[in-house]
Amino acid sequence: MKISEVPQQPGMITDGRREICYAVDDDGNYVLAGSAGWEPKNIANDQAWEIIRDQMQDTVRKIRSGKLSPLAFLMVSNQMTPALLAQYVGFSRWRVRRHLKPSVFKKLKPEILKRYADLFDVPVDTLSKVPKDIETMLSKTDTP
Amino acid sequence: MKIDFEHRQSAHCESGVTANLLHHYGIDISEAMAFGIGAGLFFGYLPFIKINKLPLTTFRCEVGGIFKRLTRWFGLQVRWQKFRNPEKAMDALDRKIEEGIPVGCRTGGYWLPYFPPAFRFHFNMHNLVVIGRENDHYIISDPVFPDLERCHRKDLMKARFAKGAMAPRGTMYYLTHVPETVPFDQSVKNGIRIVCRRMLHTPGPLIGVKGIRYLARQVKKWPEKLGQRKASLYVTQLIRMQEELGTGGGGFRFMYAAFLQEAAQRLQAPGLQDLSDKMTAAGDLWREFAVIGARNCKGRAGENDSYAAMTRILMECADREEEIYRKLLPTVR
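Criteria and thresholds
- Residues numbered from 1 in each chain as written.
- Chains lettered and ligands numbered in written order.
- Predicted model: local features only at pLDDT ≥ 70, side-chain atom pairs only at ≥ 80, totals over all residues.
- Heavy atoms only, no water.
- Helix = DSSP H or I, 4+ residues; strand = E, 2+ residues; numbered from the N terminus.
- Buried < 20%, exposed > 50% of the residue type's maximum accessible area, 1.4 Å probe, protein only.
- Polar contact = N/O pair within 3.5 Å; in protein donor to acceptor, adjacent residues only side chain to side chain.
- Contact = heavy atoms within 4.5 Å.
- Salt bridge = Lys/Arg side-chain N within 4 Å of Asp/Glu carboxyl O.
- Domains from an automatic or database assignment.
- Buried area = accessible area lost by both parts, 1.4 Å probe.
- Pairing = 2+ DSSP bridges.

Asker: Which parts of the structure should I look at to understand the side chain of Gln-47 of chain A?
Answerer: By secondary structure assignment, the location of Gln-47 of chain A is in helix 1 (residues 39-64). According to the relative accessible area criterion, Gln-47 of chain A is buried, its value standing at 8%. There is a polar contact of 2.9 Å between the side chain of Gln-47 of chain A and the side chain of Ser-232 of chain B. Residues within four places of Gln-47 of chain A in sequence aside, it is in contact with Arg-229, Ser-232, Leu-233, Thr-236 and Cys-297 of chain B.

This is the structure we're talking about:
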């Protein structure tokens, strides 16, 4: 890759920072060149986020129809599975899976809720809230 | 407390941390040189390991390998520490910072607040150097970012104790002894030898140039085997492994070409410059694969952007790289 070919197509980096590419200058010497982004990379990254977004929307639907507890939304929007979430909060997997049931979640003690709230860095009382408008929620938390 | 530490932005976290740490102790070494000596270049297609249900492809060596090889060959003494208790891990870090010792930490990228949102995934192999502390904030030399970053204690603690695959468990490391002189030239040769051997002679079909060919043969079967949607996810995952994770472009091939160029001058071996040029060309070809793959996924594929075309390009990548390693190996005997 020549210096003139170092791509400057922003997408993933939104704050004007640059990442390093190795490129060849006119004399054939390697130099470090800043890149603002590259279209193929942006496309690949977008697709990864699309999957997460799909999962989030699917989860919200399930919460509204009473199949999952609101905890599921925090889990999925933090790209976690019950297994990973269990490791973070120090509960067993089956316990976390139980907490994903609305009937069980409703009766959870404050100290258990606090473990989840601490991990996700949110107040305990917001744990049981489902985002009303998922699109604004998504653009706020995830969309680059 | 802030240690006087020269922060040099790098393409990749581990080679960047390695080069910057050594540089701090007076060893003049570039990121590319650290990557080359540490034998960072690799290829492995490991479909049985899944990340988010997608097969793992890697263009670099095992985590920590670059740092370990380089420090061993240079005769540097390193202290590694792992922790069970997060508070103790932070206290130990604080003590070293107070002593004026820059400390490398392994972290999970997801919890570092200075990461742009688009990069925030759970990956636990991110390295950075902590170089200071101001009250509740740490000053961090994260080699993939242009400037020093600040990070709150509770965020850094979370990042150091990220969970999941390859959990860092608070791992931190720092240099305890640096010799006056280091066997530079011999280490360059060692590094080259390891890369060539791994890429040419690793048993099994999945590693090295054989691995690239195996992947190439798989790619053209993907649409039929997996369906269009899944096939396109497999391709973009490949592109991300190749380009996104701080590779310097072309799945580390450009960085390795830069290393070969530096090695040519250092060892007075003009033949290596020629191989550096060839490696650059191989990197360009990998980039072409990414362009075609991404276009295909966007549904903007022309006739030349089919999966068969991707297979052809990957096959050529394998051929070109094989030629390079075959010529490279005798130069270090």
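Okay, back to it.
Asker: Sorry if this is basic, but what is going on with the pattern of salt bridges here?
Answerer: Note on pairing: side chains with opposite charge can pair once their charged atoms come close. In this structure the tally under the stated criterion is 29 salt bridges over all chains. For Lys-154 of chain B, the salt bridge identified is with Asp-121 of chain A, shortest N-O distance 3.6 Å. Here Lys-154 of chain B, found in helix 5 (residues 153-160), pairs with Asp-121 of chain A, found in the loop between helix 6 (110-120) and helix 7 (134-141), and the two come from separate chains. A residue is classified by how much of its surface remains accessible, and Lys-154 of chain B, at 43% relative accessible area, is partly exposed. Classification of Asp-121 of chain A by relative accessible area gives partly exposed; the value is 49%.

Asker: Explain the domain arrangement of chain B here, please?
Answerer: The accessible area lost on association of the parts is a frequent measure of interface size. Residues and elements named next belong to chain B. Domain boundaries in chain B define domain 1 (13-37 + 77-177) and domain 2 (184-331). Relative placement of domain 1 and domain 2: their C-alpha centres are 29 Å apart. Taken together, the contact pairs 13 residues of domain 1 with 15 residues of domain 2. The junction of domain 1 with domain 2 conceals about 1200 Å² of combined surface from both sides, 75% of it contributed by carbon and sulfur atoms.

Asker: When you look at the side chain of His-12 of chain B in this model, what are you seeing that I'm missing?
Answerer: Examined against the element boundaries, His-12 of chain B turns out to sit in the segment before helix 1 (13-24). Classification of His-12 of chain B by relative accessible area gives buried; the value is 3%.

Asker: Any chance you could explain the pairing of strand 2 (residues 30-35) of chain A here in plain terms?
Answerer: Residue and element names in this part refer to chain A. Sheet topology note: the strand 1 (residues 19-24)/strand 2 ladder contains six bridges and is antiparallel. Bridge pairing in strand 2 places Cys-21 opposite Ala-33. Linkage of strand 1 to strand 2, two consecutive antiparallel strands, is achieved through a turn of five residues, within which Gly-28 is found at a positive phi near 85°.

Asker: Just checking my understanding: could you explain unusual backbone geometry for this structure?
Answerer: What is expected of a backbone is that most residues other than glycine have negative phi and most peptide bonds are trans. With a phi close to 55°, Gln-79 of chain A is a non-glycine residue in the positive phi region. Tracing the sequence through the fold places Gln-79 of chain A in the loop between helix 2 (71-77) and helix 3 (82-89). Owing to a relative accessible area of 18%, Gln-79 of chain A belongs among the buried residues under this scheme. We note that Phe-252 of chain B has phi near 70°; this positive angle belongs to a residue other than glycine. In this structure Phe-252 of chain B comes out as buried when scored by relative accessible area, which is 2%.

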